[in-house]
Each structure stands twice: as structure tokens, then as C-alpha cells.
Amino acid sequence: MANPADKPDPNLTTPDEGEVREEIEDINDSAEEEEEEYDGEDDDEATASKPQPREDAAASRANAQNLFRRMGVAPIPVRVHDVIVKGNEKTKDHVIEAEVEGVRQASTLQELLEAANAANSNLRALDIFDSVKITLDAGPPELPDTTNVVVKVVESQSPLTAEIVTSTKSQARSSTLEGSLKYKNIFGHGDIWDTSLAYGCDSSGEVGLGLYLPRFRGRQSPFTSRLYLSTQDWLKFSSYRERALGVSLGVLLSKNHELGYTLAWRNLIDPTQMASRTIRRQIGHSLVSDLKYTFKVDERNSSLRPTRGYSFVSTSQIGGLAPDRRTLRFLRQEIDLKYAVPLGFYRSALNFGVSGGITFPWGSGYKNRASSVSERFFLGGNISPVCSLGGPSALWGFKTRGLGPNEPRREVENDQSGGGDTYERDFVGGDVAVTAFADLSFDFPLRWFRERGIHGHLFACAGNMAELSGNKYRNFTAPKFLETFRSSVGAGIVLPTSLFRMELNYCHIVKKQEHDRAKSGFFLTFSTPSS
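What you see is a predicted model; the values in this text were computed from it and never measured. (Residues numbered from 1 in each chain as written. Predicted model: local features only at pLDDT ≥ 70, side-chain atom pairs only at ≥ 80, totals over all residues. Heavy atoms only, no water.)

### With respect to the overall build of the chain
In plain terms, the rule: The numbering of helices and of strands both runs from the N terminus, where a helix is a DSSP run of H or I of at least 4 residues and a strand a run of E of at least 2. The cut-offs for exposure are 20% and 50% of the maximum accessible area for each residue type, with area from a 1.4 Å probe on protein chains only; residues under the lower value are buried, those over the upper are exposed, and the others partly exposed. Should any heavy atoms of two residues lie within 4.5 Å, those residues are considered in contact. Here the Shrake-Rupley method, with its probe set to 1.4 Å, supplies the accessible areas, and only the displayed protein chains count as covering residues.
Along the backbone of the chain there are eight helices and 21 strands. A buried classification covers 45% of the 531 residues belonging to the chain. Put simply, of all contacts in the chain between residues at least 6 apart along the chain, 60% involve residues at least 24 apart. Counting only carbon and sulfur atoms, one obtains 55% of the accessible surface of the chain, whose full area is about 27,500 Å².

This is the structure in C-alpha cells:
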């Protein structure tokens, strides 16, 4: 496209209505393949258009070809006179107009076509329309070089949708089955309401009611809110069960910046009466009132099998924004950096990454006060570090909450244990954690595997964590922290799907510490990409 700053030819005129209509068909056809060729009828016309003679059709094709040539030579000046919305019975006009606001800024036909294409994508992303079509009509005759943008939408005929998905999240013990019911556009503001029920094989669960608004107070900032009741069962690993009732609010400030707030009433219980000293001191009720800011850039070409690009996530969190004495006051910072480098053969790529996090209490007597176990870091689990984003969590070969600071439980009755499912120690988490990994992925020579995306990988990972709060920072030294790093290597087969990444791996534990829950052998893991 020519530079818009170049002086336009004074003899150029705005293309007539037929020319513009033919050009804009590409926008609608690319997003909606099922639609037939453009219907030239206009709802505002008094009479229906009649079939064009063969000579007129040939003239229209010639005009279109001429238009393409002119667009390749120099900008075609045009100005948007009006945006006309049709077909919306429930959706407010301002919701649609806000998504196509970019077309008003266009000063050339080339810019207008690009803006219309982006507006079409924005409207479809609202997920409240069955179809979207944008056309350009000639502006008023007394206003040369103008056009009207006509947005025709078909609202969803089935606003109620249901969905059932399975997922494996960071630090989760097992897979979770989640069902949700969504009702779209109840009040005509593009609002989406949903109720969800999630249940894990470890008896964890969550019930939630959520709201999504595409714009918050007229700004280009999607707004989310959620009321939830959740329970997490960590009895097997840390001798406590966590229950929480709360509300979370989130605003996407821009593509890369997100701000969130959580207010929740949390309760930790120990039904076994066997918890270690650190866990027993935190049993009871507490109030969570925290503000979280997330900066995220993900330029990888795939979240399940990245072969080029990079991602970076930084999360800053401050808790204790309430006057109640039971409010948890803490500072928490996480970073995550990943990079994928293509190697140029067998679609091979080297992925490597490093993650780190630190949390610490603040307020009166913070040096002597231990951080909340719910805000600490735990490593290990049934997830691949290639997919996870946000902070340190995953290590191949180590079980969920299977390494790091631990303490003996108060009582262990082996005669009543469930065999290998009962442990004599509680893992209490760390205030600082670091992980790193490298993953070499490659295609198999057999065509059958390549066509199905099945590929192999070699991997290595390492990580460690330590306690700092409760005066334990006095015992922390960098040489000791590096000396006690855990590490593992291995190889496996990866079966990526549109929903998750499944790995069948053989993992060899290179280094572990006493009481770590890790062993060499074959493992089957399921990972879903982090949002």
C-alpha cells in the first residue's frame, strides 16, 4: 500500500457503490465461508434490484479490476460519513458501534478495508452473533469522497449454551471435570452470564457464578466478575483442607495488562488432627483481600507445541487491603520467561525457560511472622512446564507437592494407612522458588505420526525452593540453595490435541533430597495451556 502521506491524484474519485461492495465481500467471505456471494439488495431501497444484463456485469468486473490497480498505485481518499447498524433486536447500538469505531479513523479506502476486517473480527469475538456482515455504501451525493459503513448482524438464536471440559492445572493433584452453562446477552450489552461446577478426582470442587462484559464503563477494557465457593483437599500432602467463599473482579486494561481484585473468606481445617506444627498454627479462618497486576506477552506460534517465539509473564500481588486483623498481609512476585528456537530439521525446536517467585509477609512484626501456606510456592505435579505460564510450579518426575521444606506430622498410624498413599511428613511450601527447563521437540520420520502431530521430545529440568519467613531467612544462603537443587532428565512421546497436550515420558531423577516424592520411571501427563 502506498504511503498515505503522499499527495493523491486530484482526478481520483471515490469508487461507486458497486465497486466498494465487491471489494468488501472479501472481508465477509473470509470470516464466514458458508455465506453465498454478496446479495446486492439494500433494506432501505424502495424497490428490489433487478438482474443485471451481461454488459453491466462485465462493466462491474472491469471497474473492480480498475479499482484493484488504483489501490496498488496510490491511496484512494475516502471518509466515513455514517455507521449504520441493522439486525440488532436486543443488542444495544453502542455495543456494536464501539467495536467498529476504528473505521471512522480511516482516511483512505485501503485503511478502511483493514479497519472493517478488524471490526468484523471484533464483533464475532463477542460470541453473541450467528453472523456478521459489513458492507460499504456510497455516501450522500452532495458529499463527495464519502461512504456509509453498514453493519448487519444476526443475533444468536441459541443464547443458552452448555459445555463440559477436562483440565489439569498447575499444582493440581489430578484432572478436573468442569461443566458450565452460559446465557448470552441478557441485557443487550454483550454480557455473558455463566454458572459452573468443577469436580476433581481428589474430592476438590468449585461452584461459581460469573459475568463477562466486553467493555467496562465505555472503555475498551473487558470486565469479569465471579462469585465462587471452592474446596481444596490437601490432606494427603499437607494435612489440611481449604475452603473459600469469595468474589473476584478483573479488568483487562489492554492486550498485555490485567488488573484483578479478590475478596474471600478462607478456612483451613485439619480433620485428621495429625498436621505438622507449621500447618497447625495456620488452622482457622482468615480474610483475603488482595490486588493483583499481571503483565503478559505471548508471541509463541503455539501454546501446546511452540517452535518459535517467546513469552513473558510478570505477576505482582499485594494482600492485606482490609482493616480486619485476620486479613492476610503479604507481598508476592512471580516471573516466567520462555523462548522457542527452531532448528531447521524435522520441525525440531528447542524450548527453554526459567521461572521464579518470592512471597513475604508485611506489617507489624513481619520478620517473625510466617507466611500463609496458601500463598506459598509448591513444585511438582502432573503438568508440562512447556505449557504452563505464570510462575514456578512444574518439574517432570516429581509428584504434586513432592519436594521442598517439610515437617513430620504429629502422629502416624501405619496400621490404618492406605499403603503408599499415606505419608509421614507434611510439605509446607516455600517463600522463594526457582525452576528451569529445556525441551527439544522433533518430528518422527514416519509420515503417519507427522500427519497427526505426534512427535518426540527430550527434556531436562531443575528447581528448588526455600523458606524465608518466620526468621528462617537467617539460615538461607545462595550456595546451600544451589547445592540442594532437584533435577531430572528424560524422553517421551507427545500427542497434542486441540484441548490438551498428552505426554508419555520416561523420566530419570538425577538429583533429589531426603523425603522428596520422586522416582524414575514411566509417567503419563495431561497438560492444558495456561490462559
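What follows picks up the thread again.
### What about a positive patch on the surface?
The following threshold applies: Patch rule: a residue counts if its relative accessible area is over 30% and it has no salt bridge; like charges are joined within 9 Å, and nonpolar side chains (Val, Leu, Ile, Met, Phe, Trp, Tyr) within 5 Å. A pair is scored as a salt bridge if a Lys or Arg side-chain nitrogen falls within 4 Å of a carboxyl oxygen belonging to Asp or Glu. In this tally, Lys and Arg are treated as positive and Asp and Glu as negative; His is ignored, and so are the chain termini. In this description, the location of a charge corresponds to atom NZ of lysine, CZ of arginine, CG of aspartate or CD of glutamate.
Among the surface-exposed residues, R277, R280, R281 and R410 lie close enough to one another that they form a single positively charged patch. Mapped onto the elements of the fold, R277 is located in helix 6 (residues 277-280).

### A short note on the packing of aromatic side chains
Going by this rule: What counts as a ring pair is set by centres within 6.5 Å for rings of Phe, Tyr and Trp (its six-membered ring), and what kind of pair is set by the plane angle: stacked under 30 degrees, edge-to-face over 60, tilted for all other angles. Consider the ring centre and the ring normal. A charge sits over the ring if Lys NZ or Arg CZ is within 6 Å of that centre and within 35 degrees of that normal.
Under the criterion given, the structure shown has 15 aromatic pairs. Note on F187 and W193: the rings are 6.3 Å apart at their centroids and 70° apart in plane angle, and the pair reads as edge-to-face. Exposure remark for F187: the relative accessible area of 51% places this residue in the exposed category. Residue W193 is classed as partly exposed on the basis of its relative accessible area, which comes to 30%. One aromatic cluster is present, built from ring pairs that chain together F442, F444, W448 and F449. For the cation-ring pair, R401 lies above W234, with the distance from its terminal atom to the ring centre recorded as 3.8 Å.

### Description of a nonpolar patch on the surface
On the surface, L253, L259, L291, Y293, I318, L321 and L331 cluster together to form a nonpolar patch covering roughly 530 Å² of accessible area. Looking at the secondary structure, you find I318 in strand 12 (residues 309-319).

### A short note on the confidence of the model for the chain
Counted only if it meets this: The predictor reports its confidence for every residue as pLDDT, a score running from 0 up to 100.
Looking at the chain, pLDDT values average 83 and 82% of them are 70 or higher. Counted against residues more than four places away or in other chains, residues 1-50, with its pLDDT under 50, gives 80 contacts. Of the regions scoring below 50 in pLDDT, residues 415-421 engages in two contacts with residues more than four places distant in sequence or in other chains.

### Regarding the pairing of strand 14 (residues 349-361)
We apply this condition: Two strands qualify as a pair provided that DSSP identifies no fewer than 2 bridges between them.
Inspection of the sheet shows strand 13 (residues 330-342) paired to strand 14 by 13 bridges, in the antiparallel sense. The partner of Y339 across the bridge, within strand 14, is F352. Between the end of strand 13 and the start of strand 14, which pair antiparallel, lie six residues, with G344 showing a positive phi angle near 90°. As paired elements, strand 14 and strand 17 (residues 432-443) share 10 bridges and run antiparallel to each other.

### Digging into the side chain of S355
Applicable threshold: Identification of polar contacts relies on pairs of N or O atoms within 3.5 Å, with a donor-acceptor requirement for protein atoms, meaning one able to donate a hydrogen and the other able to accept it, and with residues adjacent in sequence counted only if both atoms are side-chain atoms.
Looking at where S355 falls in the secondary structure, it is placed in strand 14. Looking at S355, its side chain comes within polar contact range of the side chain of D336, at 2.3 Å.

### Some details on the nonpolar core
Worth spelling out the cut-off: In these notes, a set of buried Ala, Val, Leu, Ile, Met, Phe, Trp, Tyr and Cys residues joined through side-chain atoms within 4.5 Å is what counts as a nonpolar core.
Of all hydrophobic cores here, the largest spans 26 residues; its most connected members are L112, L123, F129, V149 and V151. For this core, the secondary structure elements donating two or more residues are strand 1 (79-86), helix 3 (93-99), helix 4 (109-125), strand 2 (129-138) and strand 3 (146-155). Among the elements that line this core, the one with the most residues is helix 4, at seven residues. If we ignore the near neighbours within four places in the chain, the residues touching L123 are I96, E99, V100, F129, V132 and V151.

### Re the environment of E467
Among the structural elements, E467 can be located in the loop between strand 18 (455-466) and helix 8 (478-483). C-alpha separation for the pair E467 and A370, spaced 97 residues apart in sequence, amounts to 9.1 Å. Setting aside residues no more than four positions away along its own chain, E467 makes contact with R376, P405, V428, G429, D431, K472 and Y473. Among the polar contacts made by the side chain of E467, one reaches the side chain of R376 at a distance of 3.1 Å.

### Examining the sheet that holds strand 1
Basically, it comes down to this: Only the stretch in contact is used when a helix axis is fitted, and all axes are lines through C-alpha atoms; the angle between N-to-C directions ranges over 0 to 180 degrees.
Strands sit in the order 1-3-2 across an open sheet of three strands; the sheet is mixed. The sheet is open, and its two borders are formed by strand 1 and strand 2, each paired with just one other strand. Strand-to-strand twist in this sheet, taken as the mean axis angle between neighbours without regard to direction, amounts to 20°. As paired elements, strand 2 and strand 3 share nine bridges and run antiparallel to each other. Across the sheet, K133 pairs through a bridge with K152, a residue of strand 3. Across the sheet, helix 4 touches strand 1, strand 2 and strand 3, and the angle it forms with strand 2 is around 160°.

### Some details on the environment of V78
Along the chain, V78 turns up in the loop between helix 2 (54-73) and strand 1. Owing to a relative accessible area of 8%, V78 belongs among the buried residues under this scheme.

### Here's the deal with unusual backbone geometry
Backbone geometry places R401, a non-glycine residue, at a positive phi of 50°. Structurally, R401 is set in the loop between strand 14 and strand 15 (406-408). Even without glycine at this site, H515 takes up a positive phi of about 75°. Position of H515 among the secondary structure elements: in the loop between strand 20 (501-511) and strand 21 (521-527). Among the residues examined, H515 registers a relative accessible area of 37% and is labelled partly exposed.

### Some points on the pattern of salt bridges
In the structure shown here, the tally under the stated rule is 20 salt bridges. Across the salt bridge formed by E503 and R501, the nearest N and O atoms sit 2.6 Å from each other. Exposure class is identical for E503 and R501. Each is buried. Here the salt bridges share partners, and the residues they tie into one network are R376, D431, E467 and K472.

### A look at the state of the cysteines
Heads up, the condition is: Two cysteine sulfurs form a disulfide in these notes if their separation is within 2.5 Å.
This structure, assessed with the given rule, holds zero disulfides. C507 takes part in no disulfide bond, and the closest cysteine sulfur, belonging to C461, lies 6.2 Å away.

### Some words on helix 4
Applied cut-off: Working rule for helices: expected span equals 1.5 Å times residues minus one.
Between its first and last C-alpha atoms helix 4 spans 24 Å; for 17 residues at 1.5 Å apiece the expected length is 24 Å, and the two agree. All of the buried residues in helix 4 are L109, Q110, L112, L113, A115, A116, A119, N120 and L123. Positive phi shows up at D127, right after helix 4, with a value of about 65°.

### Focus on the pairing of strand 13
Where strand 12 meets strand 13, 11 bridges bridge the pair, whose relative direction is antiparallel. The residue bridging Y310 from the neighbouring strand is Y339, located in strand 13.

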